[in-house]
Amino acid sequence: MSNTTLSGLPLTRRGVLTAVTAAAAAHTILRPSQASATRRRHAYDVIVVGAGFAGITAARDLRRKGLRVLILEARNRIGGRTWTSTFQGEQVEMGGVWVDPMQTHVWQEIEDQGIGLVADPAADRTLFPTATGFGYFSPEEAFGRQGELLTQFCEQAPQVFSDPTDPMAQADLLRLVDSYSIRDRLNAMGLSTLDEKWLSGATGGLGGGSDRGAYTQFLHWWALCNYNAEQYYGINTYRPAGGMTGLAQAILTEAAADLRLNSPVRSITDNGREVTVRTRAGMSYTASSVVVAVPVNVWKTIDFAPGLSLQRRRASSETFGVPGAQKLWLRLRTSLGNTYVHTPDGYPVDTLVPIKQFADSQLMVGFSNDPRLNVNNVAQVERAVRLIVPDARVLAVKGQNWGADPYARGGWSFRRPGQLTGLLDAIQRPQGRISFATSDIASGWSGYVEGAIESGLRAAEQVTHYAFR
């Protein structure tokens, strides 16, 4: 791996990509004394529930307006579905990790904070399905052919998502395909058995299975990558050198908001004049407005009064975040070498990505949607990997089951059929004095830190006017 600054990006698996950075206006943090003189009696103007990237972004934006902000975080850490840890002496990300120049909010954030980047290495070869099992291919051959299949799979993207930052710009066309699952699209393509194996894992695996994931979610990501296979492959290359937790901490430090860790929220009551938030420990806080910055899947675990809208109840029940999403880091002793491993839809391990080579082994990161797989059990993980690499020996493993995390109830967001046209617009809007912020409901990069930041900025704007009344 290589350390680099934004201005010195190495050539990696993304190939040649022109770095796109966005200019951001400088902000000044206003002190509370500079804000509106008409303060309410409570200690805070806004309460933010959740200290993931959406929550801390909203908090910082509100503080820049001179508002008094309290953040309530259920866990004993910040970051939400991002979490920097260590494994086998290496810094690892247990949740969201990658950033890209096309993701302008987070890219500008990294640049403003002066944080370097780590570029994950390009693989020397790939292991892809064959008619009789798995075989080795050059990256050019494997990604070239798979890229052709992805381009065919996404051929409707330019029409349906003519403006990827405004997903409803072509609403009439979008409604024609939003009911399709990834499996529906795969079936309609009339692929050979082998081509489907090469394509299904690259599409269905991301959505928790091809039957669960919406075709339009993948089309949206493809459109955000300029309808281009090379750029799509490149988006998972760069990560902050200090880890995602370091980036989150830098934003939180700028926010200078009050933070309460280990404070899971039990209820949120909006009486039309102010909002009261009660924690499970019995603490009560009141403010002019609230930003609920937790995943959609978690909304149903909080008691709202008045109750959540029908659309929000449906969204939380159906799930936006992939319910069975798991991430695992492995130290392997195997003949693989620096090899990218791709599996078809349905395998217990979806993908294995090489990260670092040691003298006698290698560090890899993998993903799974199989609830039967214990990603912290060496023997179970070894059996799963041997379905693909028979000589694999797992020396150590560290995993995170995001579906079992009570404050996530799923991993990265991947919408289900019908949710984009049927739910997104409604659940992005405030409900009384309560606004919602999460990468799940981003208009752009849903499922990425970029989407969380976008959503946090929107929610902060929505609740600001209540604090100045």
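Please read all numbers here as calculations on a predicted model, not as lab measurements. (Residues numbered from 1 in each chain as written. Predicted model: local features only at pLDDT ≥ 70, side-chain atom pairs only at ≥ 80, totals over all residues. Heavy atoms only, no water.)

Considering the overall build of the chain
Turning to step 1, where the next piece is worked out: When helices and strands are counted, the chain shows 14 helices and 21 strands.
Turning to step 2, where the next piece is worked out: Relative to the 2.2 N^0.38 estimate, which gives 23 Å for 469 residues, the radius of gyration of the chain is 22 Å and therefore close to what a compact globule would have.
Turning to step 3, where the next piece is worked out: Taken along the three principal axes of its C-alpha coordinates, the chain extends 70 × 50 × 40 Å.
Turning to step 4, where the next piece is worked out: When the 469 residues of the chain are sorted by exposure, 59% land in the buried category.
Turning to step 5, where the next piece is worked out: For the chain, restricting intrachain contacts to residue pairs at least 6 apart in sequence, the fraction spanning at least 24 positions comes to 74%.
Turning to step 6, where the next piece is worked out: By element, 50% of the accessible surface of the chain is carried by carbon and sulfur atoms, the whole surface being about 17800 Å².
Turning to step 7, where the next piece is worked out: Taking the average location of the 47 positive side-chain charges in the chain and that of its 42 negative ones, the two points are 9 Å from each other. (Helix = DSSP H or I, 4+ residues; strand = E, 2+ residues; numbered from the N terminus. Rg over C-alpha atoms; globule rule 2.2 N^0.38 Å. Buried < 20%, exposed > 50% of the residue type's maximum accessible area, 1.4 Å probe, protein only. Contact = heavy atoms within 4.5 Å. Areas by Shrake-Rupley, 256 points an atom, 1.4 Å probe, with all protein chains shown as cover. Lys, Arg positive; Asp, Glu negative; His and termini not counted. Charge placed at Lys NZ, Arg CZ, Asp CG, Glu CD.)

Let's talk about the sheet that holds strand S14 (residues 289-292)
Turning to step 1, where the next piece is worked out: Taken in spatial order, the five strands make up an open sheet running S10-S3-S2-S14-S21, and their pairing is parallel. The two strands at the open ends of the sheet, each matched to only one other strand, are strand S10 (258-260) and strand S21 (434-436). Averaged over all pairs of adjacent strands, the angle between strand axes in this sheet comes to 20°, irrespective of strand direction.
Turning to step 2, where the next piece is worked out: Note that strand S2 (residues 46-49) and strand S3 (residues 69-72) share four bridges and pair parallel. Paired with Ile47 across the strands is Leu70, a residue of S3.
Turning to step 3, where the next piece is worked out: Each of S2, S3 and S14 is contacted by helix H1 (residues 53-64), which is oriented at about 170° to S3, the strand it contacts most. (Pairing = 2+ DSSP bridges. Axes fitted to C-alpha atoms, helices over the stretch in contact; angles between N-to-C directions.)

With respect to the sheet that holds strand S16 (residues 326-333)
Turning to step 1, where the next piece is worked out: In space, the seven strands of this open sheet follow the order S8-S7-S17-S18-S19-S16-S20, with mixed pairing throughout. If you trace the sheet from one side to the other, it starts and ends with strand S8 (134-137) and strand S20 (393-401), each paired once. Within this sheet the neighbouring strands show an average axis-to-axis angle of 20°, counted without direction.

Notes on the packing of helix H3 (residues 139-153) against helix H8 (residues 215-224)
Turning to step 1, where the next piece is worked out: At their nearest, the axes of H3 and H8 sit 10 Å apart, and the two run at 115° to each other. Here H3 runs over H8; the crossing is left-handed. Seen from H3, the contacting residues are Leu150, Thr151 and Phe153; seen from H8, they are Tyr215, Phe218, Leu219 and Trp222.
Turning to step 2, where the next piece is worked out: Counted by class, the contact of H3 with H8 contains six nonpolar, one polar and no charged residues. (Left-handed = near helix turned anticlockwise from the far one by under 90°. Nonpolar A, V, L, I, M, F, W, Y, C, P; charged D, E, K, R; others polar.)

Some words on the pattern of salt bridges
Turning to step 1, where the next piece is worked out: Overall, the coordinates contain 22 salt bridges when judged by the stated rule.
Turning to step 2, where the next piece is worked out: Ionic pairing is found between Arg75 and Glu73, a salt bridge with its closest N-O pair at 3.8 Å.
Turning to step 3, where the next piece is worked out: Here Arg239 makes a salt bridge to Asp120, at a shortest N to O gap of 2.8 Å. Note that Arg239 is positioned in strand S9 (residues 238-240) and Asp120 in the loop between strand S6 (117-119) and strand S7 (125-129), a separation of 119 residues in sequence. No difference in accessibility class separates Arg239 from Asp120, as the two residues are buried. (Salt bridge = Lys/Arg side-chain N within 4 Å of Asp/Glu carboxyl O.)

Some remarks on unusual backbone geometry
Turning to step 1, where the next piece is worked out: In the segment running from Ala305 into Pro306, the intervening peptide bond is cis, with an omega of -5°.
Turning to step 2, where the next piece is worked out: Here Pro306 lies in the loop between strand S15 (303-305) and helix H11 (310-318).
Turning to step 3, where the next piece is worked out: Positioned with a positive phi, Asn262 is a non-glycine residue whose angle comes to about 50°.
Turning to step 4, where the next piece is worked out: Residue classification places Asn262 among the exposed positions, given a relative accessible area of 54%.
Turning to step 5, where the next piece is worked out: We note that Arg409 has phi near 55°; this positive angle belongs to a residue other than glycine.

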